[in-house]
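As a plain string of letters, each chain reads:
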Amino acid sequence: MSLSADLSCLQSSQGAEREAALASLEKQLMCPICADIFSKPVVILPCQHNLCRKCANELYQARTTMLVNSGRFRCPTCRHDVVLDRHGVYGLQRNLLVENIIDIYKQELNQIPRLKETDLAEATCSDHEGEKLNIYCLTCQLPTCSFCKVFGAHQNCQVAPLTDVHQQKKDELSEGISSLGEFRDRVQALVSDIEDTCRAVEESYKTQKQNVCDKFSSMFSILEERRKAMTQQMSSEEDEKVNHTQMLMRCYGDSMEANRKLLSSVESSMEELDMAAFVQNSKELISKVIAASSASPSETLKPGYDSLSLYRFNFSKQEEMLRSIDFDKGEEQKFSLVVEDICEEPEVSPDPEEPK
């Protein structure tokens, strides 16, 4: 039942029903920290649970002092985490509705003892006018008067002085209150232990996750170093081969340009009309043509010059080991990474011979 419903029931009921509604309302107005009725001001958390602001601030300050969840507040009822701003607990919204209900509850509560005192002081027997209720019938479980015991309906019943029974019941309730207080303390100690365990679990898992991340970062660094070394080795030979082929292209280009000029000179001499001059010049040209025609390339590229057979690689074994990385769940349940084998350098082909 909600606070509003309990309040409506309290205001519209009488007798035992009224006391039951009052007890139900009291349970809902109990602070989970101090286990007492909320003391104003009352703050409401985003999870819709209420707390005394004083209790909430003391709990928050205690956790902040221990450097636990600084800037965060955990609801003691549902364990929901609330992120607080720079005002801390004082930045939470006040629950004015609950504060008003507390005022009404206290007004109703204050009326009950006065009514009981009046009943005890002035209550009289309904069968014997003017006789006060001063004894208690243990058989019928009812307060009665002396005339009822001597002359009335309770002649054969077992009775006791009302004051003695009153004190006895108060003592029993006092013992019950002490027992409830001890039970509350035990539960609170258990809750504190559970909170400590929860914090220890969070810290342990946080540390272990950081260890896992650090180990993976280390393996990434090893892989990155090997990648750079292998690609640098290939790049060095690539630059050397490219430079060599470009040098051959320039050499053959110069030879072709010389042949083009010789061919142009020969064609020009063929148009010479002076036979004596032609014969005289043709001797040198014929020698140059014969030398150019009989010349062969000084260097050629061997077959397979562009082959990368020396750089074959197979990482399937390493990939399989990487995919099998997991926690070592041995007899002692130690959560450590099995990464020793993974840190080994990958298999690669031996370094190629220096190309000529």
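Bear in mind the structure is a predicted one, so any value in this text is a computation, not a measurement.

## Some thoughts on the overall build of the protein
From N to C terminus, the protein includes 8 helices and 8 strands. The burial tally for the protein puts 22% of its 356 residues in the buried class. Sequence-distant contacts, at least 24 apart, represent 51% of the contacts inside the protein between residues at least 6 apart.

## Let's talk about the sheet that holds strand 7 (residues 142–144)
Pairing within the open sheet is antiparallel, and its 3 strands lie in the order 7-6-8. Whereas interior strands pair on both sides, the edge strands pair on one side only; in this sheet they are strand 7 and strand 8 (159–161). Here the average twist between neighbouring strands, direction ignored, is 35 degrees. Here strand 6 (residues 135–137) pairs with strand 7 via 3 bridges, running antiparallel. Bridging across to strand 7, Ile-135 finds its partner in Thr-144. Of the strands in this sheet, strand 6, strand 7 and strand 8 are in contact with helix 6 (residues 162–270), which crosses strand 8 at around 80 degrees.

## A word on a nonpolar patch on the surface
Residues Phe-183, Val-187 and Val-191 make up a contiguous nonpolar surface patch of about 230 Å² in total accessible area. Looking at the element boundaries, Phe-183 is found in helix 6.

## Comments concerning the environment of Asp-306
For Asp-306, the position within the fold is in the loop between helix 7 (275–294) and helix 8 (316–323). Sequence spacing of Asp-306 and Lys-241 is 65 residues, and the spatial spacing of their C-alpha atoms is 8.5 Å.

## Remarks on helix 7
In this model, helix 7 (20 residues) spans 27 Å end to end at C-alpha, consistent with the 28 Å of a helix rising 1.5 Å per residue. Along its length, helix 7 shows its largest kink, about 35 degrees, at Ser-282.

## Things to note about the nonpolar core
In terms of nonpolar packing, the biggest core is built from 13 residues, with Leu-29, Phe-38, Val-98, Ile-102 and Tyr-105 touching the most fellow members. Those elements giving two or more residues to this core turn out to be helix 2 (15–28) and helix 4 (96–122). Looking at this core element by element, the count peaks at 4 residues for helix 4. The next biggest cluster of nonpolar side chains, apart from the first, holds 11 residues, and it includes Leu-51, Ala-56, Tyr-60 and Phe-73.

## Focus: the confidence of the model for the protein
Looking at the protein as a whole, its pLDDT mean stands at 79, while 81% of the residues score no less than 70. Averaged over each element, pLDDT in the protein is lowest for helix 1 (residues 3–12) (63) and highest for helix 8 (91). A low-confidence stretch, residues 114–121 stays under pLDDT 50, and its non-local contacts, those more than four residues away or across chains, total 4 contacts. Overall, residues 331–356 carries pLDDT values under 50, and its contacts beyond four positions in sequence, including any with other chains, amount to 49 contacts.

## Some points on the pattern of salt bridges
Going through the model one piece at a time under the given rule, you end up with 10 salt bridges. Where Arg-74 meets Asp-81, a salt bridge forms, and the shortest distance between an N and an O atom there is 3.1 Å. With a shortest N-O distance of 2.5 Å, Arg-260 and Glu-257 are connected by a salt bridge. Pair noted here: Arg-260 and Glu-257 are both in helix 6, with a separation of 3 residues, about one helical turn. The exposure class of Glu-257 is partly exposed, given its relative accessible area of 33%. Residues participating in the shared-partner salt-bridge network are Arg-74, Asp-81 and Glu-202.

## Examining the packing of aromatic side chains
Summed over all chains, the structure comprises 2 aromatic pairs. Between Phe-216 and Phe-220, the ring centres sit 6.1 Å apart and the planes meet at 50 degrees, which makes this aromatic pair tilted. Here Phe-216 pairs with Phe-220, and both are found in helix 6, just 4 residues apart, close to one helical turn. The partly exposed category is assigned to Phe-216, whose relative accessible area is 27%. Relative accessible area serves as the criterion here: at 53%, Phe-220 is assigned to the exposed category. Centroid distance Phe-313 to Phe-315: 5.1 Å. Interplanar angle 35 degrees. Geometry classified as tilted. Taking the relative accessible area as the measure of exposure, Phe-315 reaches 25% and is therefore partly exposed. Lys-241 extends its terminal NZ or CZ atom over the ring of Tyr-305, reaching a point 5.0 Å from the ring centre.

What counts as what
- Residues numbered from 1 in each chain as written.
- Predicted model: local features only at pLDDT ≥ 70, side-chain atom pairs only at ≥ 80, totals over all residues.
- Heavy atoms only, no water.
- Helix = DSSP H or I, 4+ residues; strand = E, 2+ residues; numbered from the N terminus.
- Buried < 20%, exposed > 50% of the residue type's maximum accessible area, 1.4 Å probe, protein only.
- Contact = heavy atoms within 4.5 Å.
- Pairing = 2+ DSSP bridges.
- Axes fitted to C-alpha atoms, helices over the stretch in contact; angles between N-to-C directions.
- Patch = residues over 30% accessible without salt bridge, like charges linked within 9 Å, V, L, I, M, F, W, Y side chains within 5 Å.
- Areas by Shrake-Rupley, 256 points an atom, 1.4 Å probe, with all protein chains shown as cover.
- Salt bridge = Lys/Arg side-chain N within 4 Å of Asp/Glu carboxyl O.
- Expected span 1.5 Å × (residues − 1).
- Bend = angle between axes of the 7 residues up to and from the residue.
- Core = buried A, V, L, I, M, F, W, Y, C linked by side-chain atoms within 4.5 Å.
- pLDDT = per-residue confidence, 0-100.
- Phe/Tyr/Trp six-rings, centres within 6.5 Å; stacked < 30°, edge-to-face > 60°.
- Lys NZ or Arg CZ within 6 Å of the ring centre and 35° of its normal.

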